[in-house]
Amino acid sequence: MTPSPTDVLTNSLPAAWTDAYAFMRDAVERSILYADVMRQRGNQYHEHMAQQAPNVLSMAYELVLDGRTLERPVNYGLLRIPPTDGVKVDPAKRPFLVVDPRAGHGPGIGGFKPESEIGVAVRAGHPCYFATFLPSPTPTQTVEDVMLAEARFLEEIIGLHPEAEGKPVVVGNCQAGWQIMMTAAMRPELFGPIIIAGAPLSYWAGWRGMNPMRYSGGLLGGSWLTAFASDLGAGTFDGAWLVQNFENLNPANTLWAKQYNLYANVDTEAKRYLSFEKWWGGHVFLNGPEIQYIVDNLFIGNRLSTGGLVTSDGIRIDLRNIRSPIIVFCSKGDNITPPPQALGWIPDLYEDDAQIRAHGQTIVYAVHESIGHLGIFVSGAVARKEHQEFTSNIDMIDVLPPGLYEAEIADKTPETLNADLIQGDYVLAFERRQLNDVRAIVANEPEDERRFAAVKRVSDINLGMYRSFMQPWLKATITPQIAETMQRLHPLRVSYEMFSDRNPWMKAFAGVADQIRDQREAVEPDNIFVQTRDALSNTLIGALDIWQQLRDDWHENTFMSVYGSPVVQDIAGLGAQNGPLRGRPGVSPEHHRFMAERTAELRALMTVGGVREAALRMLLYVCRAEGGIDERSFAVIRKLRLEKDHILSLQEFKDVIRDQALVMMLDGPAAIGAIPDLLADATPAEIRAALGDMKQVLSAAEPLGQAATEGLAEMTRVFERAAEKAASSSSKAARGTANGAAARGRRSAQANGKATSARGADATPALDDNQTSTPGASRPPAQLVLEPAESVTAPDTAGRAAGRTVTASATDDAAVADVKAAVAEEHGLTPSKMAAKAAGKSVGKSTGAGAVKTAVRTPRKGAVKKTVKTATASASRVTADNAVTKVVKKAAKVPAKKATKQAPEKAASVSLKTAAAKKAGAKNTAQTAPAKKATKKAAAKKAAKKTTAK
């Protein structure tokens, strides 16, 4: 093989000269290839912006609804993302809607590549939709119009998927996150779980020395510059200014690192660089009123997180109205939306954890340690981990009880317990957190509130002066043609215009670059000159980072000094104000009334239910002691739902869990103490099956801690005692039914003689009006979370509980007492409070017993009906109907005086029986219908004779 001239030359030179020659040759080739990539970037920019509806989606799509056709037209559109090859959409799975930010860039970053938010949802079998937008807004478009359009899109999606279990999941990235939250506050009924990624909602929040972007409004004098930029665009705001603000945050990356990375890796980096620049350079426009509303009310005014925004038709935008779970995903490495801005709205709205639960809100947050702002919704690693876990466990998030949680994602290892229950390579767990945990992350400083409030006042003053003295001149001067020329001359656009085929000097690089690629000989990375080049690059990046830190420190110190000055604050009109300048939104009278009604409704649910409700209370009690729950436990619950015959819908399942969680939070000791009453009507098999299912759920995750283990042992004793009691009651009821039937048969034969015996010989057992099955017949095991959900509305509560009695004896077991004591200690209930609560219950029971006694004093039909109606309003309504019916039947067989004397005793006895005993006592399977009629007639004659004799 003949050596090449390069090999001959390099072999004849010393090693240092060889490295130098290879480096110089590589530098020339690398520079030409770099210039050609920049040329391709410019051509790509022109092609992309020439499209009517440009986006960077990496998957197919079809238009479902055009926002320009709505009553209040907007430049948004709803796209459907069809499934990829080999993926089948499950119609029962809830749809996903991904909304991208309209903050200077074009749409599509949420589906930028297969490993993305959209890609994860599509592969999971969910119907998937995307909210896109055009580069230019409609002439009259406002922020409120966009909110109405988003609500209309959700209505369309819900109508297209009637079989879906649950409302659509909505993913909002950055700017789209806060806009989706505003829409959800106005139309909460349209939303399923909401995922907001890198979305700022509390704009004054931030960490000292780390987040200088929040000072920009004050240092520039407020929002008058926003109005100025809109006027330069003839009423249209150029989104390239927003992109430039982002680039100014990291000058080292903007001025050197990004371009040097392309140059140093030009052989492998070109494709990734071009695909990202296609989105980064796709600048869009906003209407002047749109961006002015955003800057005045959000960035500078910070009015969203405290319910200070009011729509044009007078509706207050209160984030507490949202009823769907909210998943907040943020990162410590995000310099655009740091965790304080992503989470600060929570302590802004709520004073304590009880308020979060009172509003029925479930808030989950996850804080990444290092990923940057764009990586939150662009990074493939984040998509495979965080977004994959959120998507695959979205139903679990939807049924979490109200409260505050932190999502923790751990790697799945060979040692992971029950790894077969985990989807993917990670384990998602939700740990209960308190509001103080979020406050520690936000680290809000009260004195900064006054500084930012002063910025708001100064901004209003400067904006007013600009509109009075400068804006009229600009509007008269700037024409649409001048505005378009200035937009094309924006520095960011010029960089794309210069390096494209429209520049004749750039065309020459195309052919040369192709020849170099065919004969490319890249320099070795261990070349001393390459290492020197990289070291110099790192030195320059370090110098730019130092300059950035000095700049940011100067900005912060200047801001703090100027707006912290008492003189400036007095001029801004803050000197006369005491206390917080942004108070939390007040609670409306309507919400007070709602909470009072909801509390009464929950108290009515305290003793309503059966095995399912008791099992869920047990699960909640143990999980609360453990502090959280992970996806393995929910996987077992999902499996149990699918294995049963009667499956609750996801919404019904969610309602039952939330109701039981709220009952536990309202009065933990009473809720635990009522568990034996909930199990009173169940068979031993049902109780033990429910206990086994709950143990299976609790043992699916990691081993329980000490507190949870003790709680599980206590609840196990409660269930076992209830099963033993049910078994004992069933056997006694069976014996009592047989003996009672024989005695009644003998009395019937004596009263009616041969005629009655003759008629009864051929008779078959008859059912009473209320009897639907043979007493003692076996029933299938309880479907612990799968039985049809009982309504939770107050009017039907007593009726559903008919036949179940709350008894004092059921709560006297030692196990229940232990559990109640533990819950009472957790809720801070003192012995005196517990005694008062018990006394209140005693009074209620006495009142109920009195109502039953009144009901049975006379066997007259009208009086009984009237008294039963009164008893229904009392605490013992659930027992009165059955007790009165049984006593009236007995009273017909004995003298009136004797019946009146015995009836109260019978009613009291009945109220302490279990469900099986009540059914057995109420039915007479051994007595025939003719025999019953003859017995009643004989008893009536006998009573009449005694009355006449007296």
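Preceding this section is the structure that the text describes.
Fair warning: this is a prediction, and the values are worked out from it, not measured in the lab.

### Side note on the overall build of the protein chain
Counting secondary structure elements, the protein chain contains 41 helices and 15 strands. With 950 residues in all, the protein chain has 50% of them scored as buried. At a minimum sequence separation of 6, the contacts of the protein chain that also span at least 24 residues come to 83%. Here the protein chain has roughly 43,800 Å² of accessible surface; of this, 57% comes from carbon and sulfur atoms.

### A few points about unusual backbone geometry
A positive phi is found at cysteine 174, a non-glycine position, where the angle reads about 50°. For cysteine 174, the location among the structural elements is in the loop between β5 (169-173) and α5 (175-186). One non-glycine residue with positive phi stands out, namely asparagine 302, at about 50°. Note that asparagine 302 resides in the loop between α11 (288-300) and β9 (309-310). Overall, asparagine 302 belongs to the buried group, its relative accessible area being 0%.

### Comments concerning a nonpolar patch on the surface
A contiguous nonpolar surface patch, about 420 Å² in accessible area, is contributed by Ile461, Met465, Phe469 and Met470. Of note, methionine 470 is situated in the loop between α19 (446-469) and α20 (471-477). For methionine 470, a relative accessible area of 35% gives the class partly exposed.

### Details of the packing of aromatic side chains
Across all of its chains, the model carries 19 aromatic pairs by this definition. With 6.0 Å between their ring centres and 55° between their planes, tryptophan 279 and tryptophan 280 make a pair best called tilted. The same class applies to tryptophan 279 and to tryptophan 280, which are both buried. Note that arginine 41 overlies the ring of tyrosine 496, its terminal NZ or CZ placed 4.0 Å from the centroid.

### Looking at the side chain of asparagine 297
By the element assignment, asparagine 297 lies in helix α11. A polar contact of 2.8 Å, which involves the side chain of asparagine 297, links it to the side chain of arginine 303. For asparagine 297, the contacting residues outside a window of four places in its chain are Asn302, Arg303, Leu304 and Leu309.

### Concerning the side chain of histidine 283
Its place among the elements puts histidine 283 in the loop between α10 (266-280) and β8 (285-287). A polar contact is formed between the side chain of histidine 283 and the backbone oxygen of tryptophan 280, at a distance of 3.5 Å. With near-sequence residues (within four places) excluded, histidine 283 lies in contact with Met49, Gly104, Ala240, Val243, Leu492, Arg493 and Tyr496.

### A short note on the packing of helix α2 (residues 15-49) against helix α24 (residues 528-563)
Relative placement of two packed helices is described by the angle separating their axes and the distance separating the axes. With their axes 8 Å apart at the nearest point, α2 and α24 run at an angle of 55° to one another. Taken together, the axes of α2 and α24 lie oblique to each other. Of α24, the residues touching α2 (which contributes Ala16, Asp19, Ala20, Phe23, Asp26 and Arg30) are Ile528, Phe529, Val530 and Arg533. Its residues assigned to classes, the contact of α2 with α24 comprises six nonpolar, no polar and four charged.

### Notes on the environment of serine 392
Note on placement: serine 392 falls in helix α16 (residues 380-392). Distance from serine 392 to valine 120, taken between C-alpha atoms, is 8.9 Å for residues 272 residues apart in sequence. Of note is the side chain of serine 392, whose polar atom sits 3.0 Å from the backbone oxygen of glutamine 388. From its side chain, serine 392 meets the backbone oxygen of glutamate 389 in a polar contact 3.4 Å long.

### Focus: the pairing of strand β13 (residues 403-411)
Judged from the four bridges that link them, strand β12 (residues 362-368) and β13 form a sheet pairing that is parallel. By the bridge assignment for β13, valine 364 is matched with tyrosine 405. In this structure, β13 lies alongside strand β14 (residues 426-433), joined through eight bridges in antiparallel fashion. For aspartate 411, the partnering residue across the bridge sits in β14 and is tyrosine 426.

### Focus on the packing of helix α8 (residues 240-248) against helix α22 (residues 491-498)
In contact at an axis separation of 9 Å, α8 and α22 are set at 95° when each is read in the N-to-C sense. Compared by their axis directions, α8 and α22 come out roughly perpendicular. Listed contacts from α22 to Ala240, Val243, Gln244 and Glu247 of α8 are Pro491, Leu492 and Arg493. Considered class by class, the residues forming the contact of α8 with α22 number four nonpolar, one polar and two charged.

### Let's talk about the nonpolar core
Residues Ile118, Phe430 and Phe719 are the most contacted members of the largest nonpolar core, which totals 94 residues. Element by element, the count of residues in this core is highest for helix α27 (residues 611-626), at ten residues. The residues touching isoleucine 118, leaving out its near neighbours within four places in the chain, are Leu57, Met59, Ile81, Val98, Gly110, Gly111, Cys128 and Phe130. Formed by 79 residues, the second largest nonpolar core is a distinct cluster that contains Trp178, Val284, Tyr293 and Ile294.

### Examining the pairing of strand β4 (residues 128-133)
Successive residues of a regular strand alternate their side chains across the two faces of the sheet. Counting buried positions over the six residues of β4 gives six, a clear majority of the element. The side-chain alternation of β4 yields two buried faces, one formed by Cys128, Phe130 and Thr132 and the other by Tyr129, Ala131 and Phe133. Inspection of the sheet shows strand β2 (residues 76-81) paired to β4 by six bridges, in the antiparallel sense. The residue of β4 that forms the bridge with arginine 80 is tyrosine 129. Of the strand pairs in this sheet, strand β3 (residues 96-99) and β4 are connected by four bridges, and their pairing is parallel.

### A closer look at α10
Along α10, the helix axis deviates most sharply at arginine 272, where the bend reaches about 25°. Of the positions making up α10, those classed as buried are Val266, Glu269, Ala270, Tyr273, Leu274, Phe276, Glu277, Trp279 and Trp280. Where α10 is buried, its residues contact α2, α8, α9 (251-264) and α22.

Calculation notes
- Residues numbered from 1 in each chain as written.
- Predicted model: local features only at pLDDT ≥ 70, side-chain atom pairs only at ≥ 80, totals over all residues.
- Heavy atoms only, no water.
- Helix = DSSP H or I, 4+ residues; strand = E, 2+ residues; numbered from the N terminus.
- Buried < 20%, exposed > 50% of the residue type's maximum accessible area, 1.4 Å probe, protein only.
- Contact = heavy atoms within 4.5 Å.
- Areas by Shrake-Rupley, 256 points an atom, 1.4 Å probe, with all protein chains shown as cover.
- Patch = residues over 30% accessible without salt bridge, like charges linked within 9 Å, V, L, I, M, F, W, Y side chains within 5 Å.
- Salt bridge = Lys/Arg side-chain N within 4 Å of Asp/Glu carboxyl O.
- Phe/Tyr/Trp six-rings, centres within 6.5 Å; stacked < 30°, edge-to-face > 60°.
- Lys NZ or Arg CZ within 6 Å of the ring centre and 35° of its normal.
- Polar contact = N/O pair within 3.5 Å; in protein donor to acceptor, adjacent residues only side chain to side chain.
- Axes fitted to C-alpha atoms, helices over the stretch in contact; angles between N-to-C directions.
- Parallel < 35°, antiparallel > 145°, perpendicular 65-115°, else oblique.
- Nonpolar A, V, L, I, M, F, W, Y, C, P; charged D, E, K, R; others polar.
- Pairing = 2+ DSSP bridges.
- Core = buried A, V, L, I, M, F, W, Y, C linked by side-chain atoms within 4.5 Å.
- Bend = angle between axes of the 7 residues up to and from the residue.

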